[in-house]
Structures are given as structure tokens and as C-alpha cells.
Amino acid sequence: MSFRLNLSTNNQEKKTKNEELSKKDKLIVSQFSFYYANKKILENISLSIKENSITSIIGPSGCGKTTFLKAINRLHDENIFARSEGAIFLDEENILSKKVDVNLLRTKIGMVFQKPNPFPGTIYHNVTFGPKLFGVKNKEELDWICESSLRKVALWNEVKNKLKTPASALSGGQQQRLCIARAIAMEPEVILMDEPCSALDPISTLKIEDLMIELKEHYTLVVVTHNMQQASRISDYVAFFYAGEDQIARLVEYDKASKIFVNPSNPLTEKYIAGRLG
């Protein structure tokens, strides 16, 4: 009986390893550096993010985590003082290239912010805004997009009878799930989340965490979080950013979450996870 149990466990471990090996790199960051005016914020970041996984970006405040996340979505483009070096590839396309259509890129890479930010207007308007903007006119198709997106974030049953009510009437946790549904409505390949639970109560936080784990079956998630317990619960991979005395943020360590939280390679990572480095 014991032998059979061990054999089953070994087979499961092998299956998990094979599944990980079969996953392709969805995002490849190569020697990426970011500057604001003459100040270097991020230096020489290189890492590969697997498809259908959750990668958490951790590190102290001010170490460039949100800056890095926004760079993936080209949110710095409107800032005349911002510039970058290196490359970020989505599949095989360098998304930092000037040839890239930024509006089209943002349909492939969705973004969910720290505080829920529903648009003015109804729940229905929030979910269907993007598809309408990109030319979807058919009412039946828009209805299907709305229902499908809200179902994916486990919000449909809570709001199906009040789609015409203002999104602002929802609770904080519901608003954040609505914002995720709004991103999903565009059928993205990657979803970026900047501390999506920091403004939520513990129950809403757990709902969002469960949702993220479900969403990775269909999307690639990159999440900034300060919560080490959360990172350990949801992450497949973890990247630890740290800014030293020169105030330039660098990637200290990037590995599977099981490795980072049990046996990190860098002493700085261990200190930060243990709460001895702020």
C-alpha cells in the first residue's frame, strides 16, 4: 500500500514536471533597463515568463515593480521623460518596438490596477466598452461577451439582474472582479495585476486569489504583490526585485515559487521573505 502511494506521488511529480517543461515562454524580457529623465530606475532585467502560469513580482517599496509592470503594457509611452533599453518579447514580437500598435498591444496584454477603477456608467457598459471600441456592434455578441466575462470572474450570478445599475454601486471586491472581467472581455493573452488585493478586505482577497488561480488555465498572469503569504499561495514563479544604495532596481533572483520560498539562492531574497529586509 505504501509502495503504491509513493509510486502514485512520483508519477504525479513527473507529470507536473513534464507539464512545466511543455509550457512555452510567453514573455521574454531581455536586458531591459528603464530611465526617468536622467535617472536609471531599472537595470538589465532579464527573465522568461511561462504561459498559463502566475509569476509574482516581489520586493520592497520603490524597487521598480510597478514601473516594470507598466513597461510591459507600454503605459510609460505618454511620458516624455521616460525611455527604455533592451527588449520585451510577447511570443516572438518585441513589444517595445516603435512599429507596434500600442492600442492593439493592450488588447493582448490587459492591466488591473491596485485600486478598483470601474468606468462611469453601468456594469454592462464597463464589460462591453472595449469590444465596442474595437468594432463589435452586434447586441447578441455583446451580451455574450458580457455574460461570458462575468462568469469567468464568478460575478455573473451576483449581478445578472442589475447589469444596468452603476458599477460604482458594487462592493470593492466586486468592483475589482468587474475590472478583471473588463480586461478579459478583450480576450487578452496576458493579464498584469498591480497589487490587486491591497485595497480589499480578507474575504474579497481570497476570492481574487482563487480567481487568479482559475484564470491561469487560460491566461498568463504577472502580479505585483507585497504580501508574501499571498505570493506563496498563488505563484508558480517569483521574481525578487531590489534597489541597493544607488537606488537602481535590479532582479536579484527569479525561480519557481517552491524554490524561492523554501530555499532561495540569494541571501537578500531570504532576508526579504523572512521580513528582515525592507
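Residues numbered from 1 in each chain as written. Predicted model: local features only at pLDDT ≥ 70, side-chain atom pairs only at ≥ 80, totals over all residues. Heavy atoms only, no water.

Asks: Go over the overall build of the protein chain, please, and point to the residues and values.
Replies: A count of helical and extended segments in the protein chain gives eleven helices and ten strands. Its C-alpha radius of gyration of 20 Å places the protein chain within 12% of the 19 Å reference for a compact globule of 278 residues. Principal-axis analysis of the C-alpha atoms places the extent of the protein chain at approximately 65 × 55 × 35 Å. Within the protein chain, buried positions represent 45% of all 278 residues. Partitioning the intrachain contacts of the protein chain with sequence separation of at least 6 by distance along the chain shows that 68% fall at a separation of at least 24. A total of about 14,600 Å² of accessible surface is found on the protein chain, and carbon and sulfur atoms cover 51% of it. Charge-centre separation for the protein chain: the mean point of 37 positive side chains lies 2 Å from the mean point of 33 negative side chains. (Helix = DSSP H or I, 4+ residues; strand = E, 2+ residues; numbered from the N terminus. Rg over C-alpha atoms; globule rule 2.2 N^0.38 Å. Buried < 20%, exposed > 50% of the residue type's maximum accessible area, 1.4 Å probe, protein only. Contact = heavy atoms within 4.5 Å. Areas by Shrake-Rupley, 256 points an atom, 1.4 Å probe, with all protein chains shown as cover. Lys, Arg positive; Asp, Glu negative; His and termini not counted. Charge placed at Lys NZ, Arg CZ, Asp CG, Glu CD.)

Asks: Can you tell me about the packing of aromatic side chains, naming the residues and giving the values?
Replies: Within the structure shown, the criterion is met by seven aromatic pairs. Summarising the aromatic geometry, the rings of F119 and F129 are spaced 5.1 Å apart at their centres and angled 70° between planes, so their arrangement reads as edge-to-face. Pair noted here: F119 is in the loop between β6 (109–112) and α4 (123–133) and F129 is in helix α4, with a separation of ten residues, a long-range link. On the accessibility criterion, F129 (33% relative accessible area) is partly exposed. When the ring centre of Y35 is taken as reference, the NZ or CZ atom of R83 above it lies at 4.0 Å. The ring of F119 has R182 sitting right over it, with the charged end atom 3.9 Å from the ring centre. (Phe/Tyr/Trp six-rings, centres within 6.5 Å; stacked < 30°, edge-to-face > 60°. Lys NZ or Arg CZ within 6 Å of the ring centre and 35° of its normal.)

Asks: Pulling in residues and values, what's your account of the side chain of S235?
Replies: By the element assignment, S235 lies in the loop between α9 (228–234) and β9 (237–243). Judged by its relative accessible area of 11%, S235 is buried. Separated by 2.6 Å, the side chain of S235 and the backbone oxygen of A231 make a polar contact. When neighbours within four sequence positions are excluded, S235 is seen to be in contact with I54, S56 and A257. (Polar contact = N/O pair within 3.5 Å; in protein donor to acceptor, adjacent residues only side chain to side chain.)

Asks: Account for the environment of A249, naming residues and giving values.
Replies: Secondary-structure assignment places A249 in strand β10 (residues 249–256). Overall, A249 belongs to the buried group, its relative accessible area being 1%. Ignoring anything within four residues of it in the chain, the contact list for A249 reads I41, L42, E43, I45, C63, G64, Y242 and A243.

Asks: Describe the nonpolar core, listing the residues and the values that go with them.
Replies: Nonpolar side chains in soluble globular proteins tend to end up buried together. Among the nonpolar cores identified, the biggest contains 34 residues, and L150, I180, M193 and L221 are the most heavily contacted of them. If you list the elements that add at least two residues to this core, you get α4, α5 (139–152), α6 (156–159), α7 (172–184), β7 (190–194), α8 (202–215) and β8 (220–224). Beyond its immediate stretch of four places on either side in the chain, M193 contacts L69, V112, I180, M212, L215, L221, V222, V223 and V224. The next biggest cluster of nonpolar side chains, apart from the first, holds 32 residues, and it includes I45, F68, V222 and F241. (Core = buried A, V, L, I, M, F, W, Y, C linked by side-chain atoms within 4.5 Å.)

Asks: Give a detailed account of the pattern of salt bridges, specifying residues and quantitative values.
Replies: Under the criterion given, the structure shown has 14 salt bridges. Linked through salt bridges whose partners overlap, the residues forming this network are K24, K26, D91 and E189. (Salt bridge = Lys/Arg side-chain N within 4 Å of Asp/Glu carboxyl O.)

Asks: Got a sec to walk through the confidence of the model for the protein chain? Specific residues and values, please.
Replies: The share of residues in the protein chain with pLDDT of 70 or more is 92%, and the mean pLDDT across the chain is 91. Mean pLDDT in the protein chain bottoms out at helix α1 (residues 2–22), which sits at 52, and peaks at strand β3 (residues 54–58), which reaches 98. Counting interchain partners and residues more than four positions distant, the pLDDT-below-50 stretch residues 1–5 has zero contacts. (pLDDT = per-residue confidence, 0-100.)

Asks: A description of the pairing of β10 should follow, citing residues and the corresponding values.
Replies: Along any regular strand, the residues point their side chains to alternate faces of the sheet. Looking at chain direction, β9 and β10 are connected through seven bridges and run antiparallel. When the sheet's bridge partners are listed, Y237 is paired in β10 with K256. Connecting β9 to the next strand, β10, in antiparallel fashion are five residues, including Q247 with a positive phi near 65°. (Pairing = 2+ DSSP bridges.)

Asks: Which residues make up the side chain of H76, and what values go with them?
Replies: On the secondary structure map, H76 appears in the loop between α2 (65–72) and β4 (82–90). H76 gets classed as buried once you look at its relative accessible area, which sits at 17%. Of the polar contacts made by the side chain of H76, one reaches the backbone oxygen of T67; its length is 2.9 Å. Beyond its immediate sequence surroundings of up to four residues, H76 is in contact with F34, T67, K70, A71 and A82.

Asks: Kindly report on α4, identifying the contributing residues and their values.
Replies: Every buried residue of α4 is accounted for by I123, Y124, N126, V127, T128, G130 and P131. Of the surrounding elements, those touching the buried residues of α4 are α5, α6 and α7. At the C-terminal side of α4, G135 shows a positive phi close to 100°.

Asks: Hey, could you go over a nonpolar patch on the surface for me, with residue numbers and the actual values?
Replies: A contiguous nonpolar patch, built from L104, F129, L133 and F134 and spanning about 390 Å² of accessible area, is present on the exposed surface. Its place among the elements puts F134 in the loop between α4 and α5. For F134, a relative accessible area of 44% gives the class partly exposed. (Patch = residues over 30% accessible without salt bridge, like charges linked within 9 Å, V, L, I, M, F, W, Y side chains within 5 Å.)

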